[in-house]
4 protein chains.
Amino acid sequence: MDLAMVGLGRMGANMAERLVRGGHRVVGHDPNEEVMARAAEKGIESSATLAAAVDALPTPRIVWLMVPAGPLIDKLITELEPLLSQDDIVIDGGNSMYKDTVRRAETLQKRQVHAVDVGTSGGVWGLQEGYSMMVGGETAVVDSLRPLFESLAPDADKGWGHVGPNGAGHFTKMVHNGIEYGMMQAYAEGFAIMERKDFDLDLHQIAEIWRHGSVVRSWLLDLTADALEKNPSLEGIAPYVSDSGEGRWTVNEAIELEVSAPVITLSLLERLRSREPDSYGDKLLSAMRNEFGGHEIKKG
Amino acid sequence: MDLAMVGLGRMGANMAERLVRGGHRVVGHDPNEEVMARAAEKGIESSATLAAAVDALPTPRIVWLMVPAGPLIDKLITELEPLLSQDDIVIDGGNSMYKDTVRRAETLQKRQVHAVDVGTSGGVWGLQEGYSMMVGGETAVVDSLRPLFESLAPDADKGWGHVGPNGAGHFTKMVHNGIEYGMMQAYAEGFAIMERKDFDLDLHQIAEIWRHGSVVRSWLLDLTADALEKNPSLEGIAPYVSDSGEGRWTVNEAIELEVSAPVITLSLLERLRSREPDSYGDKLLSAMRNEFGGHEIKKG
Amino acid sequence: MDLAMVGLGRMGANMAERLVRGGHRVVGHDPNEEVMARAAEKGIESSATLAAAVDALPTPRIVWLMVPAGPLIDKLITELEPLLSQDDIVIDGGNSMYKDTVRRAETLQKRQVHAVDVGTSGGVWGLQEGYSMMVGGETAVVDSLRPLFESLAPDADKGWGHVGPNGAGHFTKMVHNGIEYGMMQAYAEGFAIMERKDFDLDLHQIAEIWRHGSVVRSWLLDLTADALEKNPSLEGIAPYVSDSGEGRWTVNEAIELEVSAPVITLSLLERLRSREPDSYGDKLLSAMRNEFGGHEIKKG
Amino acid sequence: MDLAMVGLGRMGANMAERLVRGGHRVVGHDPNEEVMARAAEKGIESSATLAAAVDALPTPRIVWLMVPAGPLIDKLITELEPLLSQDDIVIDGGNSMYKDTVRRAETLQKRQVHAVDVGTSGGVWGLQEGYSMMVGGETAVVDSLRPLFESLAPDADKGWGHVGPNGAGHFTKMVHNGIEYGMMQAYAEGFAIMERKDFDLDLHQIAEIWRHGSVVRSWLLDLTADALEKNPSLEGIAPYVSDSGEGRWTVNEAIELEVSAPVITLSLLERLRSREPDSYGDKLLSAMRNEFGGHEIKKG
């Protein structure tokens, strides 16, 4: 198939490359020329403008957006609207908030342009191992894109699926990331407990043992074993954990749906906590203990 | 009444003083001579040895232990055993683990000595405002000590009670402290949220407002207002929160009783967390994010 | 002072009554005629329409809204706009989301009408004990309302204050309720632990003991003692805990501000959990245990 | 090698069978005759008494205990002591508390009998896929058992290892199970959120998608997909989740080591909560809300 890939950052470039390998024609567009040049080496066509990228495609056109979630998506859709015509398809493969996705699909629908949302997992390993994709949109439209998903997935019939209407793909990916937070935190806590114990445990060895036959074996454990092999004491790494937004949305969504999700929630809070070394709350606790019990305050 | 007070630290000295004010005769004993001298100024008799303190009492003798929980209590009981005789009473007014209390009561019972456990709350304010006391032991024995409790409590008939058999006093006090952890953490989190918000709120003012008429008014809030008046920005205070053991016991006990107590539990964990600025788990999370997503690691 | 009180439900009627007792003239309006008749008996004037209530006031007019948070506030403000003129004041004394409050203040400001937000705590006890009020708005405007706050508060100079600009009053009240959730949950867990223990504890007695001299004494504990006196086994009460919205906002706000607030958060989740007796997640856990370990599934 | 397998329940029988397949001679003993008969069909020798099992072995003898953790292990060790002689080896392959394991090793050492602890993961799938084993004990002793571990593991050099001194194997397995609780809870929460959402998601389909290429792929997810394929609505399964002890130990151990492990801890509490449909704490919360706010109580 022919498609435009808008955004050739790490994720976009890798997906475009995997599509080219799968026999598709990819017209790439990115404001960063260096990125465009690198993409060209992989067989991705370069297009200096969005309009040119769209023009280079046969109808109905397929435009795949692979850019950071947020206002940039709205901006691109506004730019695309006059360039697209009936039955064209705009795919958002990033981590958009699913409510934004539903709203955008309604906007595009007014111009008879179809929206498809693809929640994409796989990270930097996707190029090599294939991407896991949760697809939201109209059934016929999603079906028409099948060759693309078959090329991007680990296997033609594995690792992707049409999960529901517009927004359902991003919703499912959001929950996926919430689960990811919880799993990561579970491992992190377990290894921290072992690190503290005076058994002088070799944490890389234990991760390797668990990778084979244990109940906790997983791809995240494989990566953990990798990380511990390279740097068992995690020297030089700050205890500072970022979050990219999807965890927060999952927590808010769970509350809105009135589902108690304590582990996913605490995983997010732990990340916030990791970035708060000078907690006002903890200082106040120390001051309160001093007030009622005369307990000594540690100077800070 | 006549009694020996063993341990004249902050809590013991204050309680002895309040008993003296209540018309009781208190024979004090403490290895620290300076502490003994200060107690003497408050009308507390000094006794250089445990044996002398016991000898100074009429039978049945009442020995009140007010020392740190743990092996010291066992040591003192071992020392007391040969000094005591039938119907004497040993009171443990400290924060002993209630299971130890049950065990010690059985030991003393073999010599026909009675044990009484007094879970004592009130901190440094007890001297002035009276102590809240949860008493465990045999009914007749506890009844015989009524004049002491009436003098120590805020009012003769308020703030104390016989709550159950040996151990029940310390058990109740343990849960009291668990609740205290949860309340403190709730306030700390609320004030931390307000401190972060760009409304330039005066946290001392808000604590004062809440002290009158609000649903969250409490003695802990009064103390929080005090602390915030003295030091609104909590400058010079480290975000480091100690714990004295009773919170851990409450958490373990809740699990043993199969009662889910997430807030009391998280209050304890937050204190542990406050003392772990260099968390191995958080470093591992950062390393894992780098492995799967190529996310940058903050250097530490 | 003269003011209109719009909404004469439990909170509005009690506040109006306390204002009348304080010597103010209150013109009441409520769509429910029965409620209006009851208010009239307390000396509150009745006004059949919002327009008539406004007309009955001298300028600058003061209109106090005491209605459920949400769209009704917007509807009332839309109705009020043509009725009000420069320097009139609209007070929102309910539990509005503070971001809505900021937005509404901007709308009113365009017509030179002033907005004031009053976060009000005290519940059904406020009539008798006075209300705790956190006030947001312009300084001169809030100052001009001082006589009203002095009458409503527990004491003229206690229990209320001007905490910041528009929205700051509702923000502070929101956090107050978050803290309230945490404190309530801490008590609930503590009493549940004691209820489960085989010491046959009298929970009402313990609540009473703690009310005097203990570190956990509070108004919520006073009410807990009341509740346990009436119904110590809590017979006939479903383990079903509602939430009114402010807890959720506090949790979302904490995440937005990147403050980790685990105890307030878990208090909310516990309430959600109480309404989920047939948890899908728990069923899945049981099914998973069966899959990997052959553990028996309890039939449901 | 020759060894006795004491306890031929699900785990013991499967491990014995895998050892026989690996060319080892296994003398089985179990009080349940039916179980012994079934084992005999798999090539496991039957021994009616513990003494006979021991007698059937060449020296140094290897006795592998595969029975439920707790007093039964102590009982068996007491029975074995007179039967064993210098350099014999007792392996505890069950889920013993690691502190018990350390104590038992010291007891056996006094008779110059060696103890080895094998934390064993793999559940009912171990027979087919191999077991993951974390081994604690003296290096030379563990080395002498290598052929057994190589047969039991998924591969000769994968999925097992000597992790430390006596107790270290069980300690590591305990933490493994703590992590398992956290991962399971993360999945359970995520699927519960998706189940609640009105996108009519096919949860089995989503589990299958995630199995390939996603960040959350794992063996537990494979099993979850299996469970959801058989019973997508989880009909007939009670929301009741048991726990087998290792989660509790992990939580207690984390607290003892002063490592904050909120996710593992909350995973345990959620299981306790699943077995408390009639929570006293939730009833009290409802009663408190009624006291201060006049909020209606749901009848129970």
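Residue numbering note: each chain is counted from 1, following its sequence as written. Written order decides the labels, with chains lettered from A and ligands numbered from 1. In keeping with the predicted nature of the model, local features appear solely for residues at pLDDT of at least 70, side-chain atom pairs appear and are counted solely at 80 or more, and the whole-chain, interface and lining totals rest on all residues. With hydrogens and water stripped out, all remaining heavy atoms of the structure feed into the side-chain values.

A. Region of the structure containing the UniProt feature "domain: 6-phosphogluconate dehydrogenase C-terminal" (unreviewed entry) in chain A. The feature "domain: 6-phosphogluconate dehydrogenase C-terminal" (unreviewed entry), as annotated in UniProt, sits at residues 169-296 of chain A in this numbering. Here residues 169-296 of chain A is 67% helix and 0% strand, with 54 Å between the C-alpha atoms at its ends. UniProt positions are given in the numbering used here, feature names are shortened, and annotations may be inferred rather than shown by experiment. Secondary structure elements follow DSSP: runs of H or I no shorter than four residues count as helices, runs of E no shorter than two count as strands, and numbering proceeds from the N terminus.

B. Quick look at the interface of chain B and chain D. Between two residues, a contact is recorded if the distance between any of their heavy atoms is within 4.5 Å. Tallying the contact residues gives 20 residues for chain B and 19 residues for chain D. By convention, the term buried area covers the 1.4 Å-probe accessible surface removed from two parts as they join, with the contributions of both added. Roughly 1,700 Å² is buried in total at the junction of chain B and chain D, and carbon and sulfur atoms are behind 66% of that figure. Contact with chain D buries area across many residues of chain B, yet Ile255(B), Glu258(B) and Leu269(B) alone supply 34% of it, more than any other trio. Any Lys or Arg side-chain nitrogen located within 4 Å of an Asp or Glu carboxyl oxygen qualifies as a salt bridge. The residue Glu258(B) makes a salt bridge to Arg248(D) at a minimum N-O spacing of 2.4 Å.

C. Examining the environment of Tyr181(D) more closely. Residue and element names in this part refer to chain D. Counting through the fold element by element, Tyr181 comes out in helix 9 (residues 168-196). Between the alpha carbons of Tyr181 and Leu266 there is a distance of 9.2 Å; along the sequence they are 85 residues apart. With residues up to four places along the chain from it excluded, the contact list for Tyr181 reads Asp243, Ser244, Gly245, Gly247, Ser267, Leu268 and Arg271.

D. Quick look at unusual backbone geometry. All names here are of chain B. Here Thr59 and Pro60 are connected by a cis peptide whose omega angle stands at -10°. By the element assignment, Pro60 lies in the loop between helix 3 (50-55) and strand 4 (62-65). Positive phi outside glycine occurs at Leu234, with the angle close to 55°. On the secondary structure map, Leu234 appears in the loop between helix 11 (219-230) and helix 12 (246-256). Burial here depends on accessible area, computed with a 1.4 Å probe over protein chains only, as a share of the maximum for the residue type. Under 20% is buried, over 50% is exposed, and the range in between is partly exposed. Since its relative accessible area comes to 0%, Leu234 is described here as buried.

E. Here's a closer look at the pairing of strand 4 of chain B. All names here are of chain B. Residues Ile62 and Trp64 line one face of strand 4 and the alternating positions Val63 and Leu65 line the opposite face, and both faces are buried. For two strands to be treated as a pair, DSSP must find at least two bridges joining them. In the sheet, strand 1 (residues 2-6) pairs with strand 4 via three bridges, with the strands oriented parallel. Bridge pairing in strand 4 places Ala4 opposite Val63. Of the strand pairs in this sheet, strand 4 and strand 5 (residues 89-92) are connected by four bridges, and their pairing is parallel. What sits directly across from Val63, in strand 5, is Val90. Viewed along the sheet, the connection from strand 4 through helix 4 (residues 71-80) into strand 5 turns out right-handed. By convention, a crossover is right-handed whenever its connection, traced from the first strand over the helix to the second and viewed with the strands pointing away, goes clockwise.

F. Region of the structure containing the pairing of strand 7 (residues 132-136) of chain B. All names here are of chain B. Among the five residues in strand 7, five count as buried, and that is most of the element. What you see with strand 7 is no split at all: Ser132, Met134 and Gly136 on one side and Met133 and Val135 on the other are buried throughout. Looking at chain direction, strand 6 (residues 114-121) and strand 7 are connected through five bridges and run antiparallel. Looking at the pairing, Val118 lines up with Val135 of strand 7. Bridge count between strand 7 and strand 8 (residues 160-164): four bridges; the pairing is parallel.

G. View of the relation of the copies chain A and chain D. Superposing copies: least-squares fit, C-alpha atoms only, residues required to have pLDDT of at least 70 in both. The transform that puts chain A on chain D rotates by 180° and translates by 0.0 Å along the axis, for an RMSD of 0.0 Å. What the rotation and shift describe, once combined, is the action of a two-fold rotation axis. Among all C-alpha atoms of chain A, that of Ser218(A) lies closest to the rotation axis, at 1.9 Å.

H. Structural view of the relation of the copies chain B and chain D. Here chain B sits on chain D after a turn of 180° about the axis and a move of 0.0 Å along it, with an RMSD of 0.0 Å. Both copies contact each other with a shared surface, as 95% of the interface residues of chain B are interface residues in chain D too.

I. A look at the packing of aromatic side chains. Centres within 6.5 Å make a pair out of two Phe, Tyr or Trp rings, where for Trp the six-membered ring is used; the pair is then stacked when the planes are under 30 degrees apart, edge-to-face when over 60, and tilted otherwise. Per the stated rule, a full pass over the model turns up 28 aromatic pairs over all chains. Between the aromatic rings of Phe171(B) and Phe199(C), the centroid separation amounts to 5.6 Å while the plane-to-plane angle is 70°, which identifies the pairing as edge-to-face. Note that Phe171(B) is positioned in helix 9 (residues 168-196) and Phe199(C) in the loop between helix 9 (168-196) and helix 10 (203-210), a pairing that runs across two chains. Exposure remark for Phe171(B): the relative accessible area of 0% places this residue in the buried category. By the ring-pair criterion, three or more aromatic residues cluster together here, those being Trp64(A), Phe149(A) and Trp160(A). A cation over a ring is seen here: Lys197(A) above Phe199(A), with NZ or CZ 5.4 Å from the ring centre. Consider the ring centre and the ring normal. A charge sits over the ring if Lys NZ or Arg CZ is within 6 Å of that centre and within 35 degrees of that normal.

J. Structural detail: the sheet that holds strand 7 (residues 132-136) of chain C. Residues and elements named next belong to chain C. Taken together, eight strands build an open sheet; the order of strands is 3-2-1-4-5-6-7-8 and the sheet is mixed. The open sheet is flanked by strand 3 (45-46) and strand 8 (160-164), the only strands paired with a single partner. Pairing between strand 1 (residues 2-6) and strand 2 (residues 25-29): five bridges, direction parallel. Residue Ala4 lies in a different strand from strand 2, and its bridge partner there is Val27. Sheet strands touched by helix 4 (residues 71-80): strand 1, strand 4 (62-65) and strand 5 (89-92). Its angle to strand 4, the strand with the most contacts, is close to 160°. Structural elements are reduced to axes, namely lines fitted to C-alpha atoms, with helices fitted over the stretch in contact, and the angle between N-to-C directions of any two is expressed from 0 to 180 degrees.

K. A look at the domain arrangement of chain A. Residues and elements named next belong to chain A. As assigned here, chain A comprises domain 1 (2-164) and domain 2 (173-278). By convention here, the domain bounds are inherited from an automatic or database domain assignment. Taken over C-alpha atoms, the centre of domain 1 sits 30 Å from the centre of domain 2. Taken residue by residue, the interface counts 12 residues in domain 1 and 11 residues in domain 2. Counting each side, the surface lost to burial between domain 1 and domain 2 is near 910 Å², with a carbon and sulfur contribution of 58%. Three residues, Asn95, Met97 and Trp125, lead the burial of domain 1 against domain 2; their summed loss comes to 45% of the area buried on that side. Counting across the domain 1 and domain 2 interface gives one salt bridge. Between Glu256 and Lys99 there is a salt bridge whose closest N-O contact spans 3.0 Å. Whenever two N or O atoms come within 3.5 Å, that pair is a polar contact, provided that in protein one can donate a hydrogen and the other can accept it, and provided that, for residues adjacent in sequence, both atoms are side-chain atoms. Between domain 1 and domain 2 we count five residue pairs in polar contact (both at pLDDT 80 or more) in total. Counting residues per element, the ones that place at least two in the side of domain 1 that touches domain 2 are helix 5 (98-109) and strand 6 (114-121).

L. Structural view of helix 4 (residues 71-80) of chain D. Residue and element names in this part refer to chain D. Buried residues of helix 4: Ile73, Leu76, Ile77 and Leu80, and no others. One face of helix 4 carries all of its buried residues, which in axial projection span an arc of 100°. Residues of helix 4 that are exposed and angled more than 90 degrees away from the buried face: Pro71, Lys75 and Thr78. In this description, the arc belongs to the directions extending from the helix axis to the C-beta atoms.

M. Main features of the side chain of Asp243(C). Note that Asp243(C) resides in the loop between helix 11 (219-230) and helix 12 (246-256). Among the polar contacts listed, one links the side chain of Asp243(C) to the side chain of Arg248(C), at a separation of 2.7 Å. In terms of polar contacts, Asp243(C) uses its side chain to reach the side chain of Arg275(C), at 3.0 Å. Ignoring anything within four residues of it in the chain, the contact list for Asp243(C) reads Tyr181(C), Arg248(C), Leu268(C), Arg271(C), Leu272(C), Arg275(C) and Arg289(D).

N. Spatial organisation of the packing of helix 10 (residues 203-210) of chain D against helix 11 (residues 219-230) of chain D. All names here are of chain D. Relative orientation of the contacting elements helix 10 and helix 11 amounts to 155°, with a least axis distance of 9 Å. Here helix 10 lies roughly antiparallel to helix 11, going by the angle between them. The way helix 10 lies across helix 11 gives a crossing that is left-handed. Here Leu203, His204, Ala207, Glu208 and Trp210 of helix 10 lie close against helix 11, whose contacting residues are Leu221, Ala225, Leu228 and Glu229. Side-chain classes follow a simple rule in which Ala, Val, Leu, Ile, Met, Phe, Trp, Tyr, Cys and Pro form the nonpolar group, Asp, Glu, Lys and Arg form the charged group, and the remainder, Gly included, forms the polar group. In the contact of helix 10 with helix 11, the residues fall into six nonpolar, one polar and two charged. In what follows, roughly perpendicular refers to angles from 65 to 115 degrees, roughly parallel to angles under 35, roughly antiparallel to angles over 145, and oblique to any angle outside these ranges. For any pair of crossing helices, the crossing counts as left-handed if the nearer helix is rotated counterclockwise from the farther one by less than a right angle, and right-handed if it is rotated clockwise.

O. Fine view of the pattern of salt bridges. All told, the structure shown has 106 salt bridges over all chains when counted by the stated rule. One salt bridge in this structure joins Lys197(C) and Asp198(C), with 3.7 Å as the shortest N-O distance. For Lys197(C), a relative accessible area of 13% gives the class buried. Between Glu17(D) and Arg21(D) there is a salt bridge; the shortest N-O distance is 3.0 Å. You can see Glu17(D) and its partner Arg21(D) sitting in helix 1 (residues 10-21), four residues apart, about one turn around the helix. By relative accessible area, Arg21(D) is classed as exposed at 56%. Salt bridges here are not isolated pairs; linked through shared partners, they connect Asp74(A), Asp100(A), Arg103(A) and Arg104(A).

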